Amino acid sequence: MPDEGAPADHELLRRHVAGDADAFGELFRRHRDRLWAVALRTLCDPDEAADALQDAMVSAFRRAADFRGESAVTTWLHRIVVNASLDRLRRRAARPALSTGDEQAFEALVAQDGDPARTSDTRLDVDAALRLLPPQQRAALVLVDMLGFSVADTAAILDTSPGTVKSRCARARARLLPHLAHLQGNRSADQSVSPAQGGDTA
Amino acid sequence: MRGQMTHLDTDVLAEFRAGLITGRRGARITAHLGDCERCTALDEQLAGVRSLLASVPVPALPDSVAQRLDMALAAEVAQRNAAQRGEAALDQAERAGGDGTRESAAPRRPGGNRGFRLLALRVLAPAAAVVVLAAGGYGLSQLDLGSTSSSAASSTAGGAARTAASAAAGAESAGHVNEPAAEPSKAGAVPRGIARDDFSLVTGQRNLTRANLAQQVRTLLLVPPSARRTQTPPPQLRGCVAKLADGHTLELVESVRFEGRPATLVVARTGVEDTAWIAAPDCSDTHRHVLATAILPSGISGP
């Protein structure tokens, strides 16, 4: 969130278009944590998410003059990130096999689990469950249920109708239910997990 | 009394809770939930899914990704600055009656000839882009900049911007430059880059992955030389690089991590495209140990 007295998003974008070299950086830094979350949750892969976020940032930098102000700047930024992420998912589906290397490196790749920052069981399960969803449903669900966007804003970001957003979210929740129901009871316990201390002696 | 309603399907309940089922059908669902424990339990579970999703913390942007975004943004800003300086220089060339010998960029003139500036920007945007990419160790040979080309190869991003400006000062000759990046046929014609046995090893820590190798290498190629730290390569690496490049012009040699392990990235211009190799630490002139390769289309462009 901008500090008091800091320029508004649209003002920063205007300065960027006018040639200010620092304005876009300030604007993007303001929102990039949430934009990262959108890319990561939509793609379920930190490397892909980093690529998508960078693609989106460069695209927004270059196309800033096209922003017409009919939506909030954040909506516009999120839309570019979601589109970059969905593009990547489409390309991933059609990607040809990569060049070969040695067996060792391949095994290392297979063994690796992507996001070393994941610690909580809940997060692991939610991440795994999200992968089951079709990309469009996942994007809607991430925006509405995980990041707290309104249905109307999500519809603007996804360039679709509010009814479609509701329908995608409803189907996604129904689909996730059997995979997440077991977590509902122990949610608070999971969040307070800490290393065992004291107690039994070995 | 109406007939007993069958139990609610999860999809139907989810649509109902999303506000998609209203009217008489909605009223029937409300009534059913009022006296069916099983469906009420399902309804609660569904609400639980939403609150569970909302409780998952927003993941923090990793430092490595933040740094990478900062680098990519710096490259974009440098590219745009170069285009703007080129435009200013073109203004000056216009005032000087086409005398294109000035080296430095002219200050921007408020209220200049708008039509001419627009034209200048259109002509120069691709030229400036290529020059900045060259500062990142890439692609200068695609564009004939006349007498300025040799200095640009080793210049910093700022120097590249000046080069763009001086190229622009020769406005008439620059006018024929159209979409230089789309002419890879010229690429092999003018050898450029680091001499094979006289390269610096860029010291980096970037972790590259097999799945995104080409994209990641492209990002590294965009880092301006001023932002790179270098050291003299050890003899064994020289041998390995000579073996891999096999006479082709080197674009970049950088120490990296590959799938978490130490390795060296070697990029050379191998014809119309570049080839990137990930060399294992034991790679030498007698042991060509490559963990992965990627082919990069010549000319970097955005998505």
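Calculation notes
- Starting afresh in each chain, residues are numbered from 1 along the sequence in its written order.
- Chains and ligands are labelled sequentially in the order written, the chains with letters from A and the ligands with numbers from 1.
- For a predicted model such as this one, the threshold for reporting local features is a pLDDT of at least 70, and the threshold for listing and counting side-chain atom pairs is 80 or more; totals across whole chains, interfaces and linings nevertheless cover every residue.
- Under the scheme used here, helices are H or I runs from DSSP no shorter than 4 residues and strands are E runs no shorter than 2 residues, and both carry numbers assigned from the N terminus.
- Comment: burial labels come from other C-beta atoms within 10 Å of the residue's own C-beta, placed from the backbone, where a count of 20 or more is buried, 12 or fewer is exposed, and between is partly exposed.
- A pair of residues counts as a contact when their C-beta atoms, built from backbone coordinates, are separated by no more than 7 Å.
- To obtain each axis, a line is fitted to C-alpha atoms, and for helices this fit is confined to the stretch in contact; angles are then taken between N-to-C directions over 0 to 180 degrees.
- By convention the crossing between two helices is left-handed if the near helix lies anticlockwise of the far one by an angle smaller than a right angle, and right-handed if it lies clockwise.
- Residue classes follow a fixed rule: Ala, Val, Leu, Ile, Met, Phe, Trp, Tyr, Cys and Pro count as nonpolar, while Asp, Glu, Lys and Arg count as charged, and any other residue, Gly among them, counts as polar.
- Should DSSP find at least two bridges between two strands, the strands are taken to pair.
- The directions considered for the arc are those from the helix axis to the C-beta atoms.
- With respect to orientation, any angle under 35 degrees is reported as roughly parallel, any angle over 145 as roughly antiparallel, any angle of 65 to 115 as roughly perpendicular, and every other angle as oblique.
- On a scale of 0 to 100, pLDDT captures the predictor's confidence in every residue.

Draft legend 1. A look at the overall build of chain B. Assigned secondary structure in chain B consists of 10 helices and six strands. The burial tally for chain B puts 43% of its 303 residues in the buried class. Considering only contacts in chain B between residues 6 or more positions apart, those separated by 24 or more positions represent 68%.

Draft legend 2. Representation of the packing of helix H2 (residues 23–43) of chain A against helix H3 (residues 46–63) of chain A within the structure. All names here are of chain A. Viewed as axis vectors pointing N to C, H2 and H3 meet at an angle of 140°, and their least axial separation amounts to 9 Å. Here the hand of the crossing between H2 and H3 comes out right-handed. Here Phe24, Phe28, Leu35, Trp36, Ala39, Leu40 and Leu43 of H2 lie close against H3, whose contacting residues are Pro46, Glu48, Ala49, Ala52, Leu53, Met57 and Phe61. When its residues are assigned to classes, the contact of H2 with H3 shows 13 nonpolar, no polar and one charged.

Draft legend 3. Region of interest: the interface of chain A and chain B. Taken together, the contacts link 47 residues of chain A with 45 residues of chain B. The element that contributes the greatest number of residues to the side of chain A that touches chain B is H3(A), accounting for 11 residues. Class assignment of the residues belonging to the side of chain A that touches chain B gives a composition of 23 nonpolar, 10 polar and 14 charged.

Draft legend 4. Here's a closer look at the environment of B:Leu296. Residue and element names in this part refer to chain B. Mapped onto the secondary structure, Leu296 falls in strand S6 (residues 290–296). Placed 78 residues apart in sequence, Leu296 and Arg218 show a C-alpha to C-alpha distance of 7.8 Å. Ignoring any residue separated from it by four or fewer positions in sequence, one finds Leu296 in contact with Ala214, Val217, Arg218, Glu273, Asp274 and Ala276.

Draft legend 5. How the structure looks around unusual backbone geometry. In this structure, A:Asp159 is a non-glycine residue whose phi angle is positive, near 55°. Positionally, A:Asp159 belongs in the loop between helix H8 (151–158) and helix H9 (162–180). Despite not being glycine, B:Glu259 shows a phi value in the positive range, around 50°. Among the secondary structure elements, B:Glu259 is positioned in the loop between strand S3 (249–258) and strand S4 (261–269). What makes B:Glu259 buried here is the crowd of 23 C-beta atoms within 10 Å.

Draft legend 6. Local environment of the sheet that holds strand S5 (residues 274–279) of chain B. All names here are of chain B. Here six strands make up an open sheet; going across it, the order is S2-S1-S3-S4-S5-S6 and the pairing mixed. Looking at which strands have only one partner, the edges of the open sheet turn out to be strand S2 (230–231) and S6. Packed on one face of the sheet, helix H9 (residues 213–221) meets strand S1 (201–208), S3, S4, S5 and S6 and runs near 75° to S6. Contacts from helix H10 (residues 235–245) reach S1, S3, S4 and S5, with the element oriented near 45° to S4.

Draft legend 7. The arrangement of the pairing of S5(B) in detail. Residue and element names in this part refer to chain B. The element S5 is largely enclosed, with a buried count of six among its six residues. Residues Asp274, Ala276 and Ile278 of S5 are buried on one face, and the alternating residues Thr275, Trp277 and Ala279, pointing to the opposite face, are buried as well. Here six bridges tie S4 to S5, and the two strands are oriented antiparallel to one another. From the neighbouring strand, Leu265 faces S5, where its bridge partner is Ile278. With antiparallel pairing between neighbouring strands as the criterion, S4 and S5 make up a hairpin whose turn holds four residues, including Gly271 at a positive phi of roughly 105°. Two elements, S5 and S6, share six bridges in a ladder whose sense is antiparallel. By the bridge assignment for S6, Asp274 is matched with Leu296.

Draft legend 8. Broad picture of H10(B). Residues and elements named next belong to chain B. For H10, every residue scored as buried is listed here: Leu237, Cys240, Val241, Leu244 and Ala245. Seen from one end, H10 has its buried residues packed into an arc of 120°, which puts them on one side. Summarising the contacts, the buried residues of H10 are in contact with S1, S3, S4 and S5. Phi turns positive one or two residues past the end of H10, at Asp246, with a value near 50°.

Draft legend 9. Spotlight on the environment of A:Pro134. Residues and elements named next belong to chain A. Assignment of secondary structure puts Pro134 in the loop between helix H6 (121–130) and helix H7 (135–146). Pro134 sits in the exposed class, given 12 other C-beta atoms within 10 Å. Each C-alpha atom of the pair Pro134 and Ala172 lies 8.5 Å from the other, and the pair is 38 residues apart in sequence.

Draft legend 10. The packing of H2(A) against helix H4 (residues 73–93) of chain A, seen in detail. Residue and element names in this part refer to chain A. Put simply, H2 and H4 touch, their axes get as near as 9 Å, and they point 30° apart. Regarding the angle of H2 to H4, the classification is roughly parallel. For the pair H2 and H4, the crossing hand works out as right-handed. In contact with His31, Leu35, Val38, Ala39, Thr42 and Leu43 of H2, H4 contributes Thr74, Leu77, His78, Val81, Val82, Ser85, Arg88 and Leu89. In terms of residue class, the contact of H2 with H4 is built from eight nonpolar, five polar and one charged.

Draft legend 11. Spotlight on the confidence of the model for chain A. All names here are of chain A. Mean pLDDT over chain A stands at 80; residues scoring 70 or higher make up 75%. The secondary structure element of chain A with the lowest average pLDDT is helix H5 (residues 103–111), at 38, and the one with the highest is H7, at 96. Confidence drops under a pLDDT of 50 for residues 97–119, and excluding neighbours within four residues, the segment shows 26 contacts in the predicted structure. Scored below 50 in pLDDT, residues 186–202 shows six contacts in the model against residues more than four places distant or in partner chains.

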